[in-house]
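Chain by chain, the residues:
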Amino acid sequence: MIVILVGPPGSGKGTQAQVVCAKWGIPQISTGDMLRAAKRSGRLEKRYLDVMDAGGLLPDEAVIGLIDQRIDAEDCGSGFLLDGFPRTVAQADALVELLAKRGRLTDAVVQLDVARDLLEERLVHRRTDKKTGQIYHLLYNPPPPSVGSEELEHRADDRPESVGKRLDAYEAMTAALLPYYENKGLLRRVDGVGKPEDVTARVLSALGR
Ligand code: AMP
């Protein structure tokens, strides 16, 4: 099963991806996570780091190269879930080619639908456990008392000054993927508002599982 999760920043792609991938035993491939790992280890070029922290999109070639290498790993054999890639029509076209070269196809694209005013609120309250990658919302899904504030990361691009730019980038570049995948008959729309476990149930049902 090759599944793509599409949705604006803060729509719950990462949260849903973690649950679905654990359930199906397939890897979650998040270009954002790969770029943040490169940033932590000092391998991310400064020009990319600045774009990322300000909430812009990296050039298509940079992220397509990451995916090209990643999907050949052994753990991708029985499928994978893409979270945060593709984000432009050019990336989506490149993905078709990358998969075709390997004799593979995308099975489904799940759109997580959340209104913009809710997204801004979710992003500024989002925190990630640095060790486990678990995602929390300070008000609605707070970390347990055993997780100290020093163990939580507030992403540089989740600060209010970058959030608006990321949402604008989604509307300008990524929203075009919805008609793109709809025309291919792959798009399944899911209401992304509600408790994370309720959204998971909708995602699984949209995927026929
Ligand atoms: P994410 O964790 O998916 O929200 O990604 C964080 C940031 O990484 C984005 O705001 C972009 O700067 C960059 N990024 C991640 N994936 C992509 C992509 N597919 N295309 C361009 N930039 C990306």
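For the structure, see preceding data.
Residues numbered from 1 in each chain as written. Predicted model: local features only at pLDDT ≥ 70, side-chain atom pairs only at ≥ 80, totals over all residues. Heavy atoms only, no water.

A. Representation of the site of the ligand within the structure. Around the ligand, 16 residues are found, and the nearest of them are Thr31, Arg36, Gly56, Gly84 and Gln91. A distance of 3.0 Å is found between a nitrogen atom of the ligand and a backbone nitrogen or oxygen belonging to Gly84. Contacts to the ligand include Arg87, whose side-chain N or O atom sits 3.0 Å from an oxygen atom. Here the ligand has 480 Å² of accessible area as a free molecule, and 96% of this is covered by the chains. Broken down by element, the residue count for the shell around the ligand peaks at four residues, all from helix H2 (residues 31–40). (Near = heavy atom within 4 Å. Polar contact = N/O pair within 3.5 Å; in protein donor to acceptor, adjacent residues only side chain to side chain. Areas by Shrake-Rupley, 256 points an atom, 1.4 Å probe, with all protein chains shown as cover. Helix = DSSP H or I, 4+ residues; strand = E, 2+ residues; numbered from the N terminus.)

B. Quick look at the sheet that holds strand S2 (residues 28–30). The strand order across the open sheet formed by five strands is S2-S3-S1-S4-S8, and the pairing between neighbours is parallel. Each edge of the open sheet is held by one strand with a lone partner, namely S2 and strand S8 (187–191). Shown here is a sheet whose adjacent strand axes are inclined to one another by a mean of 25 degrees, direction ignored. Examined bridge by bridge, strand S4 (residues 108–113) and S8 share five bridges and lie parallel to one another. Its bridge partner being in S8, Val110 is matched across the sheet by Arg188. Against the sheet, H2 engages S2 and strand S3 (80–83), with an angle of about 65 degrees to S2. (Pairing = 2+ DSSP bridges. Axes fitted to C-alpha atoms, helices over the stretch in contact; angles between N-to-C directions. Contact = heavy atoms within 4.5 Å.)

C. Spotlight on the sheet that holds strand S6 (residues 135–137). Strand order in this open sheet of three strands is S6-S5-S7, and the pairing throughout is antiparallel. For this open sheet the edge positions go to S6 and strand S7 (152–153), each flanked by a neighbour on one side alone. Relative to S7, strand S5 (residues 126–129) runs antiparallel, the two sharing two bridges. Bridge pairing links Asp129 to Leu152 in S7.

D. Representation of the pattern of salt bridges. Within the structure shown, the criterion is met by 16 salt bridges. Linking Arg102 and Asp68 is a salt bridge whose minimum nitrogen-to-oxygen distance equals 2.8 Å. Placement of Arg102 in the loop between helix H5 (89–101) and S4 and of Asp68 in helix H4 (residues 60–70) is noted, with a sequence separation of 34 residues between them. Overall, Arg102 belongs to the partly exposed group, its relative accessible area being 25%. With its nearest N and O atoms 2.9 Å apart, the salt bridge here joins Asp158 to Arg126. Placement of Asp158 in the loop between S7 and helix H7 (160–174) and of Arg126 in strand S5 is noted, with a sequence separation of 32 residues between them. (Salt bridge = Lys/Arg side-chain N within 4 Å of Asp/Glu carboxyl O. Buried < 20%, exposed > 50% of the residue type's maximum accessible area, 1.4 Å probe, protein only.)

E. Quick peek at the packing of helix H6 (residues 116–124) against H7. Running from N to C, H6 and H7 cross one another at 140 degrees; their axes reach a closest spacing of 10 Å. With respect to each other, H6 and H7 are oriented oblique. Along this stretch, H6 crosses H7, giving a crossing that reads as right-handed. Residues Arg116, Leu119, Glu120, Leu123 and Val124 of H6 form the contact with H7, whose participating residues are Pro160, Val163, Gly164, Arg166, Leu167, Asp168 and Glu171. Residues of the contact of H6 with H7, tallied by class, amount to six nonpolar, one polar and five charged. (Parallel < 35°, antiparallel > 145°, perpendicular 65-115°, else oblique. Left-handed = near helix turned anticlockwise from the far one by under 90°. Nonpolar A, V, L, I, M, F, W, Y, C, P; charged D, E, K, R; others polar.)

F. Representation of the side chain of Asp158. Note on Asp158: relative accessible area 0%, which makes it buried. Those residues in contact with Asp158, other than ones at most four positions away along the chain, are Leu123, Val124, Arg126, Val163 and Arg166.

G. Region of the structure containing the packing of aromatic side chains. Inspection of every chain in the model, using the stated rule, returns one aromatic pair. Geometrically, the ring pair formed by Tyr180 and Tyr181 is edge-to-face, given 4.9 Å between the ring centres and 85 degrees between the ring planes. Each member of the pair, Tyr180 as well as Tyr181, carries the same accessibility label: buried. (Phe/Tyr/Trp six-rings, centres within 6.5 Å; stacked < 30°, edge-to-face > 60°.)

H. Quick peek at a nonpolar patch on the surface. A cluster of nonpolar side chains, Leu138, Leu139 and Tyr140, forms an exposed patch at the surface whose accessible area comes to about 340 Å². Examined against the element boundaries, Leu139 turns out to sit in the loop between S6 and S7. (Patch = residues over 30% accessible without salt bridge, like charges linked within 9 Å, V, L, I, M, F, W, Y side chains within 5 Å.)

I. View of unusual backbone geometry. In the segment running from Phe85 into Pro86, the intervening peptide bond is cis, with an omega of -5 degrees. With respect to the secondary-structure elements, Pro86 resides in the loop between S3 and H5.

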